[in-house]
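Spelled out, the chains give:
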2 protein chains.
Amino acid sequence: MAQQPDTVTRILDTAEVLFAERGFAETSLRNITSKAKVNLAAVNYHFGSKKALIQAVFARYLDPFTERFHTALDELEARHAGGVIPLEELLETMARCVLEVPAERNSLKVFMRLLGLAYSQAQGHLRRYIQEEYGSAFTRFTELVRLATPELPDAERFWRLHFMLGTVIFTLSGLDALRDIAEQDYGEHVGVRDLVRRLRPVVVAAMNAPLPESLPSQREAG
Amino acid sequence: MAQQPDTVTRILDTAEVLFAERGFAETSLRNITSKAKVNLAAVNYHFGSKKALIQAVFARYLDPFTERFHTALDELEARHAGGVIPLEELLETMARCVLEVPAERNSLKVFMRLLGLAYSQAQGHLRRYIQEEYGSAFTRFTELVRLATPELPDAERFWRLHFMLGTVIFTLSGLDALRDIAEQDYGEHVGVRDLVRRLRPVVVAAMNAPLPESLPSQREAG
DNA sequence: GTGACATTCAAACAATTGTTTCCAATCACG
DNA sequence: CGTGATTGGAAACAATTGTTTGAATGTCAC
């Protein structure tokens, strides 16, 4: 569909930054094309529509990520041949993959911000697109987590995984603002890897937290 | 400013639901006014602008919340006269206030979704407005948390509080989608209060997690 | 009733949106 | 070189946006 990588890439590079900064609806095609120094019609020509451009921006991150993630999980499973993979290693692997993919363009911040938007934006099509296109990787991961935390009821594990997903996406997507506050209040320069190091024990402790009192599904019926 | 509560209230009621469903930019004034069965110009007449309407929607939640929250903290401080308030009680108090405010209109979901949007939407004016208007309540809360967790370095506590803020906002603001998945996968109907009960041990465990290895600006023996 | 005020209403406003059109430039290839 | 398809660009498109206008309507004091 696109033979000229120059224009296409320039559009994608500019679009992802603007989307991350201002959201999808708040970023017009004219904003993108003028900053990217390409013609307005180029977007519709190369991508078909704004919606398709948004999905292409995501695909450029998620395609390499899921591929890398799957091979990393393959290696992990091979190393523990048949055995249970400890939760820490699973989390570590996912963190590594998330960090490696945008490292090439030094744009982890953008990547995370986009993920945050995808979840919050209530844009039906985006959530559906991501779910359908990349849901399998998440499903595989949760199944491995299930094996690593057999003592957790399925529903509890489901919710805790999403709790932690919220922690990571919220923190990393709002990183710039939070970093400013942290820096001026505690005089500490915070890099992304510092944050990940801080996140690890918190996430592990959260996943291993004691079960809540009186599970609902057992006795009460509304 | 508004003597006729009928129109103003109808606008606010409709606007908050539509904003929560579709975001701010994706919700037009014509969407709101037509569904609310009021004239288009009524919004600009009563509120001045769309931005002011958005802030009014937030104020209707946050004003009662902060008031209730401050008096709840007053009571808590009085009961522990001078002593340290345990972390669990602080979290419990905050959770209670968050739950009580929208309970009158049965709209916790809307409230949380709005909070999530406020953080993600990158709408500069909204974050600034909330920070300036209601930041004091959060500051007071964090100071009490500091007293309750003296073993935590300041920076670490700062980050963990925001980790947990992310957990709560992310989960509760995306509640509908997650609930659908949980319901069809685990056949479990999940109410908001179930979620809060699930959140409690996770948040406590996360705040009490061991410190990460090798803090950057601090020495830790062992 | 009359006047003064606040509110509602239909219409138009100017600006911006995503998308399309049409023509010139470019390129591959015989 | 010449031909034909592909890609670039300026302008126009139709639709929608937030906002404003000015007249009509309502409400209450006198």
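Scoring rules and cut-offs
Residues numbered from 1 in each chain as written. Chains lettered and ligands numbered in written order. Predicted model: local features only at pLDDT ≥ 70, side-chain atom pairs only at ≥ 80, totals over all residues. Heavy atoms only, no water. Helix = DSSP H or I, 4+ residues; strand = E, 2+ residues; numbered from the N terminus. Buried < 20%, exposed > 50% of the residue type's maximum accessible area, 1.4 Å probe, protein only. Contact = heavy atoms within 4.5 Å. Near = heavy atom within 4 Å. Polar contact = N/O pair within 3.5 Å; in protein donor to acceptor, adjacent residues only side chain to side chain. Nonpolar A, V, L, I, M, F, W, Y, C, P; charged D, E, K, R; others polar. Axes fitted to C-alpha atoms, helices over the stretch in contact; angles between N-to-C directions. Parallel < 35°, antiparallel > 145°, perpendicular 65-115°, else oblique. Left-handed = near helix turned anticlockwise from the far one by under 90°. Buried area = accessible area lost by both parts, 1.4 Å probe. Salt bridge = Lys/Arg side-chain N within 4 Å of Asp/Glu carboxyl O.

- Within an unreviewed UniProt entry, the label attached to chain A reads TetR/AcrR family transcriptional regulator, and the organism entered is Halomonas urmiana.

### What to know about the overall build of chain A
No. 1: Broken down by element type, chain A carries 10 helices and 0 strands.
No. 2: For chain A, the α and β elements follow one another from N to C terminus as α-α-α-α-α-α-α-α-α-α.
No. 3: The principal-axis extent of the C-alpha atoms belonging to chain A is close to 60 × 45 × 45 Å.
No. 4: Within chain A, the fraction of its 222 residues that count as buried is 50%.
No. 5: Restricting to contacts in chain A with at least 6 residues of sequence separation, those with at least 24 account for 71%.

### Here's the deal with the protein's contact with DNA strand C
No. 1: Around DNA strand C, the structure places 16 residues, and the nearest of them are Leu 29, Arg 30 and Lys 50 of chain A together with Thr 7 and His 46 of chain B.
No. 2: In the environment of DNA strand C, a phosphate oxygen lies 2.4 Å from a nitrogen or oxygen atom belonging to the side chain of Thr 7 of chain B.
No. 3: Between a base nitrogen of DNA strand C and a side-chain N or O atom of Asn 39 of chain B, the distance comes to 3.5 Å.
No. 4: Put simply, the parts of the chain that give the surface near DNA strand C at least two residues each are helix H2 (29-36) and helix H3 (41-46) of chain A together with helix H3 (41-46) of chain B.
No. 5: Taken together, the residues that form the surface near DNA strand C break down as 5 nonpolar, 8 polar and 3 charged.

### Quick word on the packing of helix H6 (residues 108-120) of chain A against helix H6 (residues 108-120) of chain B
No. 1: Two numbers describe how H6 of chain A lies on H6 of chain B: the axes approach to 10 Å, and their chain directions differ by 150 degrees. Here H6 of chain A lies roughly antiparallel to H6 of chain B, going by the angle between them. As for how H6 of chain A packs across H6 of chain B, the hand of that crossing is left-handed. Note on element contacts: H6 of chain B touches H6 of chain A through Arg 113, Leu 117 and Ser 120 of chain B, opposite Arg 113, Leu 117 and Ser 120 of chain A.
No. 2: Partitioned by chemical class, the residues of the contact of H6 of chain A with H6 of chain B number 2 nonpolar, 2 polar and 2 charged.

### Details of the interface of chain B and chain A
No. 1: At the interface, 53 residues of chain B touch 52 residues of chain A.
No. 2: In this assembly, chain B packs against chain A so that about 4,500 Å² is buried in total across both faces, 69% of it on carbon and sulfur atoms.
No. 3: Scanning the region where chain B abuts chain A turns up 2 salt bridges.
No. 4: Between Arg 198 of chain B and Glu 156 of chain A there is a salt bridge; the shortest N-O distance is 2.4 Å.
No. 5: Remark: the boundary between chain B and chain A carries 5 residue pairs in polar contact (both at pLDDT 80 or more).
No. 6: Mapped onto the side of chain B that touches chain A, the elements with two or more residues apiece are helix H1 (5-22), H6, helix H8 (154-173), helix H9 (175-186) and helix H10 (192-207) of chain B.
No. 7: Looking at the side of chain B that touches chain A element by element, the count peaks at 15 residues for H8 of chain B.
No. 8: Split by residue class, the side of chain B that touches chain A holds 30 nonpolar, 9 polar and 14 charged.

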